[in-house]
Amino acid sequence: MPPVISARDLTKTFRGGIVAVSGLDLEIEAGVVYGLIGRNGAGKTTTLRLLMGLLRPDRGEVRILGGDLWSAPRSTRHRIAYVSQGQQVPDWMSLTDLCRYAAHFYDRWDRDIARDLANRWDLPWNHAIGRLSGGQQRLAALLTALATRPGVLLLDEPAAGLDPIARHSLNDCLIEALLRSDGCTILLSTHLIGDLERLATRVGIMDRGRIVAAGEVDDWQRTVRKAQVVFPGEFVPREFNMPGALRSETLGPVITAICRAPDDTVWDAIRTRYGARINVFPLTLEEVFVEMFRDRPTDPVNPHPGDNEGEFITISGQPGIRVDKGDTCRVGGAFQSTAPPAQRDRD
Amino acid sequence: MAPKLHLQIDPRSGVPVYRQMMDQMKYYVAGGTLRPGDQLPSIRELALALSVNPTTVVKAYTELERDGVITMKHGRGAFVAADAARLTNEEQVEALRRSAKHLAVEAAQMHVPSPKVVRVVCEELEALGADKTDAEAPLKFSVVAGD
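First things first, this report covers the structure right here in the doc. (Residues numbered from 1 in each chain as written. Chains lettered and ligands numbered in written order. Predicted model: local features only at pLDDT ≥ 70, side-chain atom pairs only at ≥ 80, totals over all residues. Heavy atoms only, no water.)

## Examining the overall build of chain B
No. 1: Of the regular secondary structure elements, chain B holds six helices and two strands.
No. 2: Mapped in sequence order, the helices and strands of chain B form the string α-α-α-β-β-α-α-α.
No. 3: In chain B, once contacts between residues fewer than 6 apart in sequence are set aside, the share between residues at least 24 apart is 53%.
No. 4: Carbon and sulfur atoms form 56% of the exposed surface of chain B, whose accessible area is close to 8,900 Å². (Helix = DSSP H or I, 4+ residues; strand = E, 2+ residues; numbered from the N terminus. Contact = heavy atoms within 4.5 Å. Areas by Shrake-Rupley, 256 points an atom, 1.4 Å probe, with all protein chains shown as cover.)

Dropping the structure here:
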């Protein structure tokens, strides 16, 4: 079955040479919840806007539900919903007006879903939306997206500004959308990485306009570890390479590293060969993310991102470690030196 | 009628969610709370109750079936297997080792000798009213502490 969302070599440069998205490839299968994470300015919002056809790419191709949204028929566009980061709904409308208005445009509009969500989120039907709180306005926008019974749902930081109860409730609603008989494929960008551990099936980490690491959430959690190796001498043996290190630090005879190891045999081998003591700790997705980007310099704008190929780490459930570009598995923080070039966008 | 299960997902544990679900189901079976033939919650119920992606529940159930803990009956749901084995010796040790590693690191940092660590653990077991007759237990703890 073809992927529901696919992008190939997607590139977008804004005025002034600011490269927002650079050669991005993405494939999302039906029924998947794909979490896009990355620092501010990594290119997440621009990617979503390119996928939705709200921006024209300089290069590359986007397909959603088998076609390009610029030329897709009405019936296809009705199955796709998008809530942007600062989604504006006409502030003079009440929720009743908004729902009546949206129902005209969407064949699949579901009045029961709208009613259920308004009750759950305690949204008033007859107040002007402009007089509601920021969080309530956001919920009203999310309500209209979910009530269209979308087959594809793109959300840009959907939980920003929501209180914890509303946030949990939104997650429940997304799970209900997945459980619907006609299903749903969801792509969301977020900084709430903890929520993705429950919600997402796949996660892609964006940095400077590219997806630099991607994989199944379970595989991230199962294989990425923080490992501390203490060698018996005063120094780390010169020939030692930390297996699968995403980054590492050395202090005397101790190496502390974030590693991707398929199983514990790798540690047993180091213990046996070097007589080292090893502590291995599991990491949450958020910890992995922080460790990958901690201490990374905020580089100035680089208008020529293609000059320096960065690494791409694929966590695919396959045994072994695949680092496509750049040797990043050496001790001593080579991860930083092979990092992709700097660029910033405007999300 | 299956007993009500209280599954907890710890988002800070770094353990995959499906794995946490599997472990807790296994403990319920091992402890006798879940008995052979008991019906487990449906995928929909569990996904909504725990706020997790339904495919995660499917994965946990599929792995539990592969481990012989549950059986999936098409159209009827998931049931505890008739011959659901209690945790094997290796699985017990593996489950304990996860916690023991943290304990060992703390003990090593404070320079606490192994016998003292074992004594503390034994005291905690006694406080729980756990079985003290298993002569193997202190030996395993000392192995873990010295690992």
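## Describing the interface of chain B and chain A
The figure often quoted for interface size is the accessible area lost as the parts come together.
No. 1: Taken together, the contact pairs 23 residues of chain B with 21 residues of chain A.
No. 2: Of the roughly 2,100 Å² buried between chain B and chain A, counting both surfaces, carbon and sulfur atoms make up 54%.
No. 3: Considering only the side of chain B, the residues that lose the most area to chain A are Gly14, Ser51 and Asn53 of chain B, jointly responsible for 23% of the buried surface there.
No. 4: At the boundary of chain B with chain A, the tally comes to one salt bridge.
No. 5: Where chain B meets chain A, there are seven residue pairs in polar contact (both at pLDDT 80 or more).
No. 6: Of all the secondary-structure elements, those providing two or more residues to the side of chain B that touches chain A are helix 1 (17–30), helix 2 (43–50), helix 3 (54–66) and helix 4 (89–109) of chain B. (Buried area = accessible area lost by both parts, 1.4 Å probe. Salt bridge = Lys/Arg side-chain N within 4 Å of Asp/Glu carboxyl O. Polar contact = N/O pair within 3.5 Å; in protein donor to acceptor, adjacent residues only side chain to side chain.)

## What about the packing of helix 5 (residues 134–146) of chain A against helix 6 (residues 164–179) of chain A?
Residues and elements named next belong to chain A.
No. 1: As a packed pair, helix 5 and helix 6 sit with axes 12 Å apart at the nearest point and diverge in direction by 5°. One element, helix 5, and the other, helix 6, form an angle in the roughly parallel class. Side by side, helix 5 and helix 6 meet where Leu139, Leu142 and Leu146 of the first sit next to Ala166, Leu170, Cys173, Leu174 and Ala177 of the second.
No. 2: Broken down by class, the residue content of the contact of helix 5 with helix 6 amounts to eight nonpolar, no polar and no charged. (Axes fitted to C-alpha atoms, helices over the stretch in contact; angles between N-to-C directions. Parallel < 35°, antiparallel > 145°, perpendicular 65-115°, else oblique. Nonpolar A, V, L, I, M, F, W, Y, C, P; charged D, E, K, R; others polar.)

## Some remarks on the environment of Asp23 of chain B
No. 1: Along the chain, Asp23 of chain B falls in helix 1.
No. 2: Once the C-alpha coordinates of Asp23 of chain B and Leu7 of chain B are considered, the two residues, 16 residues apart in sequence, prove to be 9.9 Å apart.

## Side note on the nonpolar core
Residue and element names in this part refer to chain A.
No. 1: Ranked by size, the top nonpolar core spans 84 residues in total, and within it Trp121 and Ile205 carry the most contacts.
No. 2: Excluding its chain neighbours within four sequence positions, the residues that come into contact with Ile205 are Ile37, Arg210, Ile211, Val212, Ala213, Trp220, Phe289, Met292 and Phe293.
No. 3: By size, the runner-up hydrophobic cluster in this structure holds 31 residues, among which are Leu26, Leu36, Ala42 and Ile80. (Core = buried A, V, L, I, M, F, W, Y, C linked by side-chain atoms within 4.5 Å. Buried < 20%, exposed > 50% of the residue type's maximum accessible area, 1.4 Å probe, protein only.)

## Focus on the environment of Ile64 of chain A
All names here are of chain A.
No. 1: By secondary structure assignment, the location of Ile64 is in strand 4 (residues 59–64).
No. 2: Between the C-alpha atoms of Ile64 and Val152, which are 88 residues apart in sequence, the distance is 8.3 Å.
No. 3: Ignoring sequence-local partners within four residues, the contact set of Ile64 consists of Val4, Ile5, Leu51, Leu69, Thr76, Ile80 and Val152.

## Some details on the sheet that holds strand 2 (residues 18–28) of chain A
Residue and element names in this part refer to chain A.
No. 1: Strand order across the open sheet formed by three strands is 2-1-4, with antiparallel pairing between neighbours. Of all the strands in the sheet, just strand 2 and strand 4 have a single pairing partner and so form its edges. The mean inter-strand angle of the sheet, taken between neighbouring strand axes irrespective of direction, is 20°.
No. 2: With seven bridges connecting them, strand 1 (residues 5–14) and strand 2 associate as antiparallel partners. Across the sheet, the residue bridging to Phe14 is Ile18, located in strand 2.
No. 3: On the sheet, helix 1 (residues 44–51) packs against strand 1, strand 2 and strand 4 and is oriented at approximately 120° with respect to strand 1. (Pairing = 2+ DSSP bridges.)

## What about the sheet that holds strand 13 (residues 277–282) of chain A?
Residue and element names in this part refer to chain A.
No. 1: If you walk across this open sheet you meet the four strands as 11-12-10-13, and the pairing is antiparallel. For this open sheet the edge positions go to strand 11 (245–251) and strand 13, each flanked by a neighbour on one side alone. Direction aside, neighbouring strands of the sheet carry axes that sit 15° apart on average.
No. 2: Across six bridges, strand 10 (residues 224–230) lies against strand 13 in antiparallel orientation. In the strand pairing of strand 13, Gln228 is matched with Asn279.
No. 3: Contacting strand 10, strand 12 (254–260) and strand 13, helix 9 (residues 265–274) crosses the sheet at an angle of about 165° to strand 13.

## Remarks on the environment of Val288 of chain A
No. 1: Considering the arrangement of structural elements, one finds Val288 of chain A in helix 10 (residues 285–293).
No. 2: Beyond its immediate sequence surroundings of up to four residues, Val288 of chain A is in contact with Trp220, Val224 and Leu283 of chain A.

## Points about the pattern of salt bridges
Residue and element names in this part refer to chain A.
No. 1: Considering all chains together, one arrives at 23 salt bridges over all chains under this definition.
No. 2: Lys226 is the salt-bridge partner of Glu291, the closest N and O atoms lying 3.5 Å from each other. Of the two residues, Glu291 is situated in helix 10 and Lys226 in strand 10; the sequence distance between them amounts to 65 residues.
No. 3: You can call Lys226 partly exposed: its relative accessible area is 27%.
No. 4: Where Arg247 meets Glu249, a salt bridge forms, and the shortest distance between an N and an O atom there is 3.6 Å.
No. 5: For Arg247, a relative accessible area of 6% gives the class buried.
No. 6: Overall, the relative accessible area of 40% leaves Glu249 in the partly exposed class.
No. 7: Via salt bridges that share partners, Arg108, Asp110, Arg149, Arg180 and Asp182 belong to a single interconnected network.

## Structural notes on the packing of aromatic side chains
Residues and elements named next belong to chain A.
No. 1: Enumeration over the complete set of coordinates arrives at five aromatic pairs over all chains.
No. 2: Look at Tyr101 and Phe105: their rings are 5.1 Å apart centre to centre, the planes differ by 70°, and that puts the pair in the edge-to-face class. Here Phe105 and Tyr101 lie together in helix 3 (residues 95–105), a separation of four residues that amounts to about one turn.
No. 3: For Tyr101, a relative accessible area of 44% corresponds to the partly exposed category.
No. 4: For Phe105, a relative accessible area of 43% gives the class partly exposed.
No. 5: Ring centres of Phe231 and Tyr274 lie 5.4 Å apart, and the angle between their planes is 90°; on these two criteria the pair is classed as edge-to-face. (Phe/Tyr/Trp six-rings, centres within 6.5 Å; stacked < 30°, edge-to-face > 60°.)

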